Amino acid sequence: METILVLTHVDETGSALTKASLEAVSAGVELAKQHTAKLTIGVLGADAPAAAGAVAATGARLLAVSGEAFAQPRYATDAAACEAICRAAQASIVLAPGSSRFTRVAAGVAHRLGGFLDTHITSLSSNDSVDATRWFYRQRVEATISREARPWFLLLDAGTHAAFAGESAAAQVEPVAVTLPATRTTVEGLRSPMRDAQTIRPDAKLLFVTGAGWTKKQPDGHIHVAEAGELILAFLRLSGASLGSSKSLADQKAEGAGEEQSVLPFLTHMNQIGQTGSTPRHAKGLSTCCHGEEPHVVGWRFIGERRAISLDPNCGWTRGKADVVYVADAFQVMAKVNALLEARSA
Ligand SMILES: Cc1cc2nc3c(=O)[nH]c(=O)nc-3n(C[C@H](O)[C@H](O)[C@H](O)COP(=O)(O)OP(=O)(O)OC[C@H]3O[C@@H](n4cnc5c(N)ncnc54)[C@H](O)[C@@H]3O)c2cc1C
């Protein structure tokens, strides 16, 4: 008989659970139902009891480690907190979001508990025991894993489960005491890039992909890189989309600016989508000025509805890789789209 613990943590407000935590809660509720197992949810953060209200409707036992020492991610305090929650819950299966905060400590905590850890889990299913799936070899091979060893820690990839959305209520939360370990790291605060500079937004509904066409000679015989940059940034600002790129565009360097400076200064290889790039998860994707070649499109595996704007009626997108293709000039289309979005937000 399994006992299931979902480890969660708060977001930057200190008193609300992250979306990825709520996704892990959904996975835990589902798994507990399948196994008629006892479910415990552990919450970590500055004001964990306040955050726990969001999952009161699960009816799970709620454990919390709270206080200023846990306001910021830090290995020593986070590992001690997770260990204390795990020991209090005595769980055989521990689910947690694969956030940077938990990815950093999960292996250490599993070791302290004498358990095993698997990461990048995308789904869970049950027969007699628990099966977990994850992808290998750049999302080409999907494996189903099961283990006899317990406790079994599973870090879930973001975007693979619906976020738990039960009614918020006052929760009966059991505080878990943690003996504070010696700390060497003092967290002085957070410095994050401006919204305009942060172009990779995993929680965005839309992935907006830019291809090398933005920097190519256009029908008027000229290139328009500066205009391309303005159109792209304006669309990102107005839509909140996440920015992806083809390899050809991410590889292009600005003339005379050295190895590091991309032709579009806000683009890096972190934005690259595809076989040698990333495979993000978004409900929709819009490709612009990109040919849609296979090594690029394999990165679109987890994009729901796919649309593309390309001048080439024979591009890869039109050959069955997109749901809708606009054979049109992306400069003109995006200028019009931006004007419509601008008018709507005014
Ligand atoms: C081992 C290997 C790994 C690779 N990995 C990746 C990867 O991870 N990701 C990746 O992206 N690629 C990858 N590639 C490269 C890939 O094969 C393509 O070369 C690349 O995706 C092409 O980028 P692109 O479509 O932006 O550029 P191009 O092929 O140059 O296409 C540009 C397109 O823009 C269109 N266009 C131009 N102007 C306009 C306009 N005004 N409006 C609309 N459309 C316009 C053109 O018609 C053209 O179709 C890999 C290749 C290899 C061999």
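Refer to the structure above for everything that follows.
Below is a summary of the structure that appears in this document. (Residues numbered from 1 in each chain as written. Predicted model: local features only at pLDDT ≥ 70, side-chain atom pairs only at ≥ 80, totals over all residues. Heavy atoms only, no water.)

1. Quick notes on the site of the ligand
With respect to spatial proximity, 28 residues lie near the ligand, and among them Lys-216, Gln-218, Ser-246, Thr-276 and His-291 are the closest. With respect to the ligand, the side chain of Lys-216 contributes an N or O atom lying 2.4 Å from an oxygen atom. Taking Ser-246, its side chain carries an N or O atom lying 2.6 Å from an oxygen atom of the ligand. In isolation the ligand exposes 990 Å². Once the protein is present, 78% of that is buried. Classifying every residue of the shell around the ligand by side-chain character gives 10 nonpolar, 13 polar and 5 charged. (Near = heavy atom within 4 Å. Polar contact = N/O pair within 3.5 Å; in protein donor to acceptor, adjacent residues only side chain to side chain. Areas by Shrake-Rupley, 256 points an atom, 1.4 Å probe, with all protein chains shown as cover. Nonpolar A, V, L, I, M, F, W, Y, C, P; charged D, E, K, R; others polar.)

2. Some thoughts on the side chain of Arg-74
With respect to the helices, strands and loops of the structure, Arg-74 is situated in the loop between β3 (61–66) and α3 (75–89). One buried charge, Arg-74, has no salt-bridge partner; the nearest side chain with opposite charge is Asp-78, at 6.8 Å. Within the structure, the side chain of Arg-74 is placed 3.1 Å from the side chain of Thr-77, a separation counted as a polar contact. Sequence-distant contacts of Arg-74, defined by excluding residues within four places in its chain, comprise Ala-69, Arg-104, Thr-183, Thr-185, Thr-186 and Val-187. (Helix = DSSP H or I, 4+ residues; strand = E, 2+ residues; numbered from the N terminus. Buried < 20%, exposed > 50% of the residue type's maximum accessible area, 1.4 Å probe, protein only. Lys, Arg positive; Asp, Glu negative; His and termini not counted. Salt bridge = Lys/Arg side-chain N within 4 Å of Asp/Glu carboxyl O. Contact = heavy atoms within 4.5 Å.)

3. A look at the packing of aromatic side chains
Overall, the coordinates contain 4 aromatic pairs when judged by the stated rule. Here the aromatic rings of Phe-208 and Phe-235 are separated by 4.6 Å at their centres, their planes lie at 50°, and the arrangement is tilted. Taken together, the positions of Phe-208 in strand β11 (residues 206–210) and Phe-235 in helix α5 (residues 225–239) put the pair 27 residues apart, joining distant regions of the chain. The ring of Phe-136 carries Arg-134 above its face, with NZ or CZ at 4.3 Å from the centroid. When the ring centre of Phe-302 is taken as reference, the NZ or CZ atom of Arg-281 above it lies at 3.8 Å. (Phe/Tyr/Trp six-rings, centres within 6.5 Å; stacked < 30°, edge-to-face > 60°. Lys NZ or Arg CZ within 6 Å of the ring centre and 35° of its normal.)

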